[in-house]
Structures are given as C-alpha cells and as structure tokens.
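Letter by letter, the chains look like this.
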Amino acid sequence: FGKALKLSADDQLLLERAALVRDVGKLKIPNRILLKDSVLTYDEWSMLRKHTRLGASLLEGTPALKDTADIVRRHHCCYDGTGYPDGLEGEQIPYLARVLKILDVYCAMTSPRHYREGSSTHKQALAHLRAERAKHFDPELVDVFIKSRVGKA
C-alpha cells in the first residue's frame, strides 16, 4: 500500500513501525476488557478507546519510536470526524494515520478475533471500505488501496 501511494522509503518505514506499535496502549487496558467475549459496556468501551492516547504517551517517551506517536494517537480518527480520540476530520488527520486506519480495519476484518467467530473475506473487507468511503476512510486512499490489490495474492 505504501508503494502504491508512492510514499518515500522513510515514510514507508515509519508507516510499518507505526503499524507494529499501533495498539501498544492496550497494554494499559485491563484484560477483563480486552479479552471480554461479549458486548462491552459503555464504561468498558470508553476505557478501550483510551488506548490511542495511552499508546501515544508511551511512544512519546521512547526516543526510537517518538515519530510514531501522532500516527498511533490518531489511527482511529474517522474521515467524517466521528472517530476518536480528538474528533479530527478529513485533512486534519495526519496522512499516515489515515493510511493506517485502512490497513488496521482491513486486517481486523480479515483476521480471526477472540470476540467473534470467523472473519471477513477479502471481498467483504473491500465492500466495507467502499461503503465507508468518505465516512470512516479517506476516499482517495480507499481507491488506491483497492486498485493496489493489497491483500490479494
């Protein structure tokens, strides 16, 4: 995806590093919430949503990963402003955070999770990205993701 976006080698590496540590803030979320296999309560969901801020805070204090902090903090921001933690929208969201959001959702949908049975197919995940284009996801980035055939061997 980074190559399809014509990211510089430095930005590709930064994106890869941010993807690897994007959920580091979940280390500070209790396992009773992270491992719950039923619907989260409002308070549990509110706690889980703090993982982006917690992760960014951890990364800001880690010199080798400080450059990933803003991407991690904002990878759950939605293009239409409905995401978290800061309610940013559109171009206010850092570019690489918008890229990571697409990758994160695609991987979440197509990978098994303890809290749900099965996983989505590549086709179903792309349908979701299309449906949420310009809502949750940057529309131009969705188009590039789909055209690049990421996830399709």
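Every value quoted in this text rests on a predicted model; they were computed, and no experiment measured them.

J.: Pulling in residues and values, what's your account of the packing of aromatic side chains?
T.: The description of an aromatic ring pair rests on the distance of the ring centres and on the angle between the ring planes. In the structure shown here, the tally under the stated rule is 3 aromatic pairs. Ring centres of tryptophan 45 and tyrosine 84 lie 6.3 Å apart, and the angle between their planes is 80°; this geometry places the pair in the edge-to-face category. Remark: tyrosine 84 occurs in the loop between helix H5 (69–74) and helix H6 (95–110) and tryptophan 45 occurs in helix H3 (residues 42–49); sequence separation between them is 39 residues. Tyrosine 84 gets classed as buried once you look at its relative accessible area, which sits at 10%. Clustering of aromatic rings is evident, with ring pairs tying together Phe1, Tyr106 and Phe145.

J.: Any chance you could break down the side chain of aspartate 138 for me, citing the residues and the numbers?
T.: Locating aspartate 138 in the fold gives a position in the loop between helix H7 (122–131) and helix H8 (139–148). Of note is the side chain of aspartate 138, whose polar atom sits 2.5 Å from the side chain of arginine 98. Within polar-contact distance, the side chain of aspartate 138 engages the backbone nitrogen of glutamate 140 at 2.9 Å. Excluding anything up to four places from it in sequence, aspartate 138 contacts Tyr79, Glu91, Arg98 and Ile102.

J.: Go over the pattern of salt bridges with me, naming the residues and quoting the values.
T.: Side chains that differ in sign of charge can pair as their charged atoms come close. A complete count under the given rule lists 12 salt bridges for this structure. Between aspartate 86 and arginine 73 there is a salt bridge, and its shortest N-O distance comes to 2.8 Å. Pair noted here: aspartate 86 is in the loop between H5 and H6 and arginine 73 is in helix H5, with a separation of 13 residues, a long-range link. Assessed through its relative accessible area of 26%, aspartate 86 is described here as partly exposed. Residue classification places arginine 73 among the partly exposed positions, given a relative accessible area of 21%.

J.: Run through the nonpolar core, naming residues and quoting values.
T.: Core analysis: the largest hydrophobic core is formed by 28 residues, its most contacted members being Phe1, Leu15, Ile71, Val99, Ile102, Leu129 and Phe145. No other element matches H6, which puts 9 residues into this core. Residues in contact with isoleucine 71, not counting those within four places in the same chain, are Leu14, Ala18, Leu96, Ala97 and Leu100.

J.: So what's going on with unusual backbone geometry? Residues and values would help.
T.: Omega for the peptide link from tyrosine 84 to proline 85 comes to 15°, which places this bond in the cis form. One can find proline 85 in the loop between H5 and H6. The backbone phi angle of lysine 6 is positive, close to 60°, even though this residue is not glycine. Mapping lysine 6 onto the fold places it in the segment before helix H1 (9–21). Judged by relative accessible area, which is 72%, lysine 6 ranks as exposed. Even without glycine at this site, alanine 134 takes up a positive phi of about 70°.

J.: Tell me about H8, and please be specific about residues and values.
T.: Every buried residue of H8 is listed here: Pro139, Leu141, Val142, Phe145 and Ile146. One side of H8 holds all its buried residues, which, seen down the axis, span an arc of 160°. Opposite the packed face of H8, turned more than 90 degrees from it, sit the exposed residues Glu140 and Lys147. Put simply, aspartate 138 is the residue that caps the front of H8, since its side-chain oxygen is 2.9 Å from the backbone nitrogen of glutamate 140.

About the criteria used
Here the residue numbers are simple positions, counted from 1 along each chain's written sequence. Owing to the predicted nature of the model, reporting of local features is limited to residues with pLDDT of at least 70; listing and counting of side-chain atom pairs is limited to 80 or more, with chain, interface and lining totals taken over all residues. Side-chain numbers here rest on the full set of heavy atoms in the structure, without hydrogens or water. When the centres of two rings from Phe, Tyr and Trp lie within 6.5 Å, Trp using its six-membered ring, the rings pair. Their planes under 30 degrees apart give stacked, over 60 give edge-to-face, and anything left gives tilted. Each helix is a run of DSSP H or I of at least 4 residues and each strand a run of E of at least 2, with the numbering of both proceeding from the N terminus. Relative accessibility thresholds used throughout: buried, under 20% of the residue-type maximum; exposed, over 50%; partly exposed, between the two (1.4 Å probe, protein chains only). Each polar contact in these results corresponds to two N or O atoms within 3.5 Å; when the atoms are within protein, one needs to be able to donate a hydrogen and the other to accept it, and residues that are neighboring in sequence are counted only if both atoms are side-chain atoms. We call two residues contacting when some pair of their heavy atoms lies within 4.5 Å. When a carboxyl oxygen of Asp or Glu lies within 4 Å of a side-chain nitrogen of Lys or Arg, that pair is called a salt bridge. Each nonpolar core is a collection of buried residues, namely Ala, Val, Leu, Ile, Met, Phe, Trp, Tyr and Cys, held together in the definition by side-chain atoms within 4.5 Å. Arc definition: directions from the helix axis to the C-beta atoms.

This is a description of form; function is not addressed.
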